[in-house]
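Listed below are the residues making up each chain.
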Amino acid sequence: MPDLREPLLVFTDLEGTLLESHTWDWQPAAPWLDRLKEAGIPVILCSSKTSAEMLQIQKELNLEGLPFIAENGAVIQLDAHWQDEAHFPRLIAGSPQQEIIRILNQLREKEGFKFTTFSDVDEQVISDWTGLNNVHATLARQQEASETLIWRDSDERMADFAATLTSLGMHFVQGARFWHVHDRSADKAQAVSFLLNLYQQREGKRRTTLGLGDGPNDAPLLDVVDYAVVVKGLTRDGIKLQRNDPQRVYHTAQEGPAGWSEGMAHFFPSHHPAQ
């Protein structure tokens, strides 16, 4: 079992995991966030959200200056203290968003696939879809290396669409509520490994890793960390892990930030904030 007294990194998804999917509330997780901060353990946000959204959320959660992983791994923000790194302040992996949009529009025109992307609509529509206010909806549209969409076609057509994107070097992944397209050279697992190796290079030791997530797009993250918390989610298929050893993986009974806290209490029972 991991221990808060050892070198540790916590990687966490946001929507449906650390944040409640509809209200964006994170208060049930606040005591554990405070406990981790006291212990000097970085909490690295890892989401499909944009860098602009992540910077705002970091500020709200009192996690400013820490690394984060945006756009399902296509964007990696470095620690504010790592200004000597070549990619500072952040690394963009794979194809830029405009190239991905070009490919999606081409497939829609030539093959007739039915979907609506964030780039097709304005902030008000995204606000209606997500429950975000217009300011946050604007931040959600500032994608750098991915595109978000709502699928409006059949499951059979989706399989064809996914296969076509794979042949073009793209990933098509399901999040908590939307689908995301980004370059195959980037995913949450590769981003986690990149940051873990960077910490090891800078500190001369390897940190133990704990990951938390609720959606299919979190599977790469949860498979690559030492310990994993699968927060009970909304998706019909759940998360299929390649490494589902019960000594390594805990499945929560609760959803969202309450489940997040349940997972932390499972792995760190002697460090519970209430004790």
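Residues numbered from 1 in each chain as written. Predicted model: local features only at pLDDT ≥ 70, side-chain atom pairs only at ≥ 80, totals over all residues. Heavy atoms only, no water.

- Going by what an unreviewed UniProt entry lists, the protein chain is known as Mannosyl-3-phosphoglycerate phosphatase-related protein and is assigned to Superficieibacter electus.

**Remarks on the overall build of the protein chain**
(1) Moving on: What the protein chain contains, in helices and strands, is nine helices and twelve strands.
(2) Moving on: Its C-alpha atoms give the protein chain a radius of gyration of 18 Å, within 12% of the compact-globule value 19 Å for 275 residues.
(3) Moving on: Residue burial in the protein chain is summarised as follows: out of 275 residues, 54% are buried.
(4) Moving on: For the protein chain, the proportion of contacts with a sequence separation of at least 24, taken over those separated by at least 6, is 59%.
(5) Moving on: If you sum the accessible surface of the protein chain, you get close to 12,000 Å²; carbon and sulfur atoms cover 48% of it.
(6) Moving on: In the protein chain, the 25 positive side-chain charges and the 39 negative ones have mean positions that sit 2 Å from each other. (Helix = DSSP H or I, 4+ residues; strand = E, 2+ residues; numbered from the N terminus. Rg over C-alpha atoms; globule rule 2.2 N^0.38 Å. Buried < 20%, exposed > 50% of the residue type's maximum accessible area, 1.4 Å probe, protein only. Contact = heavy atoms within 4.5 Å. Areas by Shrake-Rupley, 256 points an atom, 1.4 Å probe, with all protein chains shown as cover. Lys, Arg positive; Asp, Glu negative; His and termini not counted. Charge placed at Lys NZ, Arg CZ, Asp CG, Glu CD.)

**Digging into the sheet that holds strand β12 (residues 249-255)**
(1) Moving on: The strand order across the open sheet formed by eight strands is β5-β4-β3-β2-β1-β10-β11-β12, and the pairing between neighbours is mixed. Either end of the sheet is taken by a strand with one partner, and the two such strands are β5 (90-92) and β12. Averaged over neighbouring strand pairs, the angle between their axes works out to 15° when direction is ignored.
(2) Moving on: Here strand β1 (residues 8-12) runs beside strand β2 (residues 43-46); their pairing, made up of three bridges, is parallel. Bridged to Val10 within β2 is Val43.
(3) Moving on: Helix α9 (residues 256-267) rests against β1, β10 (208-213), β11 (227-232) and β12 of the sheet, and its axis sits at about 145° to β12. (Pairing = 2+ DSSP bridges. Axes fitted to C-alpha atoms, helices over the stretch in contact; angles between N-to-C directions.)

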